[in-house]
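Each chain is listed here by its residues.
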Amino acid sequence: MSGDEKLPGGHEPEPWLEPGHTYASVTDKISSVVLTRPLGIGWLLGFAFLFGIVMVLNLAIGWLITKGVGIWGINIPIGWGFAIVNFVWWIGIGHAGTLISAILYLLNQKWRTSINRFAEAMTLFAVACAGLFPLIHTGRPWMAYYMFPYPSTMGIWPQFRSPLIWDVFAVSTYGTVSLMFWFVGLLPDLATLRDRAKTRWQQVIFGALSMGWRGSARHWHRYQSAYLLLAGLATPLVLSVHTVVSFDFAVGIVPGWHTTIFPPYFVAGAIYSGFAMVLTLAIPMRKAYGLEGFITLRHLEQMAKVMLATGLIVAYGYFIEFFMAFYSGNKFDVFLAKQRLHGPYAPFYYALILCNILTPQLLWFKKVRRNIPALFVMSLIINLGMWLERFVIVVISLTRDFMPSAWGRYSATVWDYATFVGTLGLFTMLIFLFVRGLPAIAISEMRELVHQDSHGNEGHS
Amino acid sequence: MSERRSQLFGVMGEFSTPEDLLAATKKAREAGYKHVEAYTPFPVEGLSEAVGFKWTAVPLLTLIGGVGGGLTGFGLQYWVAAIAYPINIAGRPYNSWPAFIPVTFELTVLGASIFAVFSMLALNKLPQPYHPVFNVERFSQASTDKFFLCIEARDPKFDLAETSRFLQSLHAQHVNEVKDEE
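A brief report on the enclosed structure follows. (Residues numbered from 1 in each chain as written. Chains lettered and ligands numbered in written order. Predicted model: local features only at pLDDT ≥ 70, side-chain atom pairs only at ≥ 80, totals over all residues.)

## Structural notes on the overall build of chain B
Then, in step 1: A tally of helices and strands in chain B yields five helices and four strands.
Then, in step 2: In chain B, the order of α-helices and β-strands from amino to carboxyl end is β-α-β-α-α-α-β-α-β.
Then, in step 3: Taken against the 2.2 N^0.38 rule, which gives 16 Å for 182 residues, the C-alpha radius of gyration of chain B at 25 Å runs more than 25% over that of a compact globule.
Then, in step 4: Once the C-alpha set of chain B is aligned to its principal axes, its extents read approximately 80 × 40 × 30 Å.
Then, in step 5: Residue pairs at least 24 apart in sequence account for 81% of intrachain contacts in chain B once pairs closer than 6 positions are excluded. (Helix = DSSP H or I, 4+ residues; strand = E, 2+ residues; numbered from the N terminus. Rg over C-alpha atoms; globule rule 2.2 N^0.38 Å. Contact = placed C-beta atoms within 7 Å.)

This is the structure we're talking about:
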């Protein structure tokens, strides 16, 4: 579906870019959001509100550091709670950004061009929010450096057979590589902003960030080589990250966790929630900044299709979990499967099925895929559903362990909610800053798209 | 500026389409110019070959970074788990290599990515805040919608009048001298 082919019936597919755009017009349109557009009252009010929420996050973390993790709802046996639910949820959201920027790049999918930049930004901010949770969950975040191998005076070293240490390496590598990938993609656009900057401080900032990029043929040659290699490296990386996250569960012997379906089903779930988040962000953004000509209805429809496909993989994962529980005949697994349906947390499980499996089936209909309000609502539902999935996995298994004497109950406290809502505010605030501070769509890639469109689509993306 | 000694860096012609620039670049090379450079707002297929640039060390350095990262990753874990701090975990061997694969993999990717990015920057000699081509006023369009060909003065065949005429004969819209201030 690179946009080159004719649809059955012989008519041309809709273009990925509104017709009539030139190199200069795409450059103007995208760079003006950063360089010349005044800050509107809507942006300022939104930013002030989000800043307030980030202060709530600061308060929650400050109180946590003062009092310890006891202010949360976690207990024994439920030692993980919201912190790990939120960690897995956030890191999953990041995965769509890498999928769009790396995997769709390798597959020559033209529709990635207008959404890759802000999807990558979304990845970075989501990874930042994700990383916060295990850090503060340690209880003494100022000791977190113990997890890295360094020659300590105590003579001890990390335990490399533990999935939790794998996680440290996977998430920190993912964060680093995503940041580099994003920066390399931004480099030519920073040079564009430098050349078009009107004020002195814009010239200094973008001049420094663009590092003297000149766009010479030799520059581009090495640039494209590095970009392609990064895409090739990020592709297995993104699959490995959620696989390692799933190992945190699957390597343990806890019923409901100890299954081999976890890695693929976690990766699919990550991409599912990530695309939902891309839609949640793209739909208001294209409207607010008049980018409908770049992020077209066809883009939204394409993302809806990816959600439908990954949603079905996730549904298959839920089914296999059940099937294997009964097929294995392991009485703890069977018991846990029944607990999901009849236990104290059954309403969460049914809500999860409703959000993640039933609602997205509406995406089979083209009318729904092209209905923007419906897509927006559905993206929120899927985000909620994926959060519930992680809640079900973490809480039901830990509250129904092997021995009834070890069973427990979990309920989150106001500090759990404050921390979670706080990261939502942090994430959105960073997106607000990003949209006004850096080009939210890759300008040089859009110029390339204009070039290809004017030459009968013979090029690669 | 006037007290500073300024010397000639080259002559630059401006084109409005990538096809014109590509054709002009090929003609300049055919005419015997060696030190030519083309500047474009997006990558143009075939242009780096046209300026005579065929091979870049970025992939090789990326491979070296990846292999180095992987060896470091496995070596670190082996050394920690088997030599520096051996602990018996559920009777597994000290060198329990399957458990070391995830970290080895992550460090392979990390090493390769760091080498890919930094070798690209280093070979492009970035960061480089000053370059003579920025002295041409119209060059700011090179990051928007104009395409430039610069024939550099160090080229043995370079002659200011002759080379400028040559660029005009290729239908360059504007031909500018590029000054280098020392």
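## Focus: the sheet that holds strand 1 (residues 6-15) of chain B
Residue and element names in this part refer to chain B.
Then, in step 1: Spatial ordering of the open sheet is given by 2-3-1-4, a layout of four strands whose pairing is antiparallel. Strands with a single pairing partner mark the edges of an open sheet, and in this sheet they are strand 2 (36-39) and strand 4 (175-181). Sheet twist, expressed as the mean angle between neighbouring strand axes with direction ignored, is 30 degrees.
Then, in step 2: Strands strand 1, strand 3 (147-152) and strand 4 of the sheet are contacted by helix 5 (residues 160-169), whose axis makes an angle of about 10 degrees with strand 1. (Pairing = 2+ DSSP bridges. Axes fitted to C-alpha atoms, helices over the stretch in contact; angles between N-to-C directions.)

## Section: the nonpolar core
Then, in step 1: Within the largest apolar cluster, 180 residues are counted, with the highest numbers of intra-cluster contacts made by Ile 91, Ala 126, Phe 275 and Val 278 of chain A together with Leu 149 of chain B.
Then, in step 2: Counting contributing residues per domain, this core is built from domain 1 (6-56 + 130-181) and domain 2 (58-123) of chain B, each supplying no fewer than three.
Then, in step 3: Look past the residues within four positions of Ile 91 of chain A in its chain and what remains in contact with it is Ala 126, Val 127, Ala 130, Val 171, Val 241, His 242 and Val 245 of chain A. (Core = buried A, V, L, I, M, F, W, Y, C linked by C-beta atoms within 7 Å. Buried ≥ 20, exposed ≤ 12 C-beta atoms within 10 Å, placed from the backbone. Domains from an automatic or database assignment.)

## Points about unusual backbone geometry
Then, in step 1: Along the chain, Ile 76 of chain A connects to Pro 77 of chain A via a cis peptide bond; the corresponding omega equals 20 degrees.
Then, in step 2: Relative to the helices and strands, Pro 77 of chain A is located in the loop between helix 2 (41-67) and helix 3 (81-106).
Then, in step 3: Put simply, Leu 126 of chain B and Pro 127 of chain B share a cis peptide bond, and its omega is -5 degrees.
Then, in step 4: Assignment of secondary structure puts Pro 127 of chain B in the loop between helix 4 (97-123) and strand 3.
Then, in step 5: Although it is not a glycine, Asn 108 of chain A adopts a positive phi angle of roughly 55 degrees.
Then, in step 6: Among the secondary structure elements, Asn 108 of chain A is positioned in the loop between helix 3 and helix 4 (116-137).
Then, in step 7: A positive phi is found at Met 211 of chain A, a non-glycine position, where the angle reads about 60 degrees.
Then, in step 8: Inspection of the secondary structure puts Met 211 of chain A in the loop between helix 6 (200-210) and helix 7 (217-250).

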